[in-house]
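Report on the structure
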Amino acid sequence: MDDHVVRAKARYIRMAPRKVRVVANAIRGKRVDEATAVLAFIPRRAVRPVTKVLNAAIDAARQKGSFDMDNLYVKEIFVDQGPCLKRRLSRVRGMATPIHKFLSHVTVVLGELE
């Protein structure tokens, strides 16, 4: 395992991965302070869990102590699909329509710029 990276994960977020990826793509490769500033101005619901995971990764780096906080950047951020909750919506004549509620797993990897 690489000592110059720090990871943070959030699992089972009740949001479709397709919607969370839009926010994740906006901060990929940016410095940590720039990424938090960008997240403050994105008008999407997915900003909240992504910000939470980013802050968790920043705190983990601070706790590790071997990182220069000014040179920290978002090395990797990816959103995977979690399990799908399957529900039914009642329709006419006793029929039902399937409803899929998607869950997401967000992983943030912070690295240090040379």
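In this text the structure is predicted, and so the values were computed from the model without any measurement.

**As for the overall build of the chain**
Along its length, the chain carries 3 helices and 3 strands. Overall, the chain shows an N-to-C arrangement of helices and strands of β-α-α-α-β-β. The C-alpha radius of gyration computed for the chain amounts to 17 Å, which surpasses the reference 13 Å derived for 114 residues by more than 25%, pointing to a less compact arrangement than a globule. Reported as C-alpha extents along the three principal axes, the dimensions of the chain are approximately 65 × 30 × 20 Å.

**Overview of helix α2 (residues 32–40)**
Considered for burial, the residues of α2 that qualify are V32, A35 and L39. Projected down its long axis, α2 carries its buried residues within an arc of 60°, all on one side. Exposed and facing more than 90 degrees away from the buried side of α2 are D33 and A40. Next to the buried residues of α2 lie α1 (17–27), α3 (47–64), β2 (72–90) and β3 (96–112).

**Considering the pairing of β3**
Bridge count for strand β1 (residues 5–13) against β3 is 7 bridges, and the pairing is antiparallel. Directly across from A8, in β3, lies its bridge partner V108. Relative to β3, β2 runs antiparallel, the two sharing 16 bridges. Counterpart to D80 in the pairing with β3 is H105.

Thresholds, definitions, all that
Residues numbered from 1 in each chain as written. Predicted model: local features only at pLDDT ≥ 70, side-chain atom pairs only at ≥ 80, totals over all residues. Heavy atoms only, no water. Helix = DSSP H or I, 4+ residues; strand = E, 2+ residues; numbered from the N terminus. Rg over C-alpha atoms; globule rule 2.2 N^0.38 Å. Buried < 20%, exposed > 50% of the residue type's maximum accessible area, 1.4 Å probe, protein only. Arc of directions from axis to C-beta. Contact = heavy atoms within 4.5 Å. Pairing = 2+ DSSP bridges.

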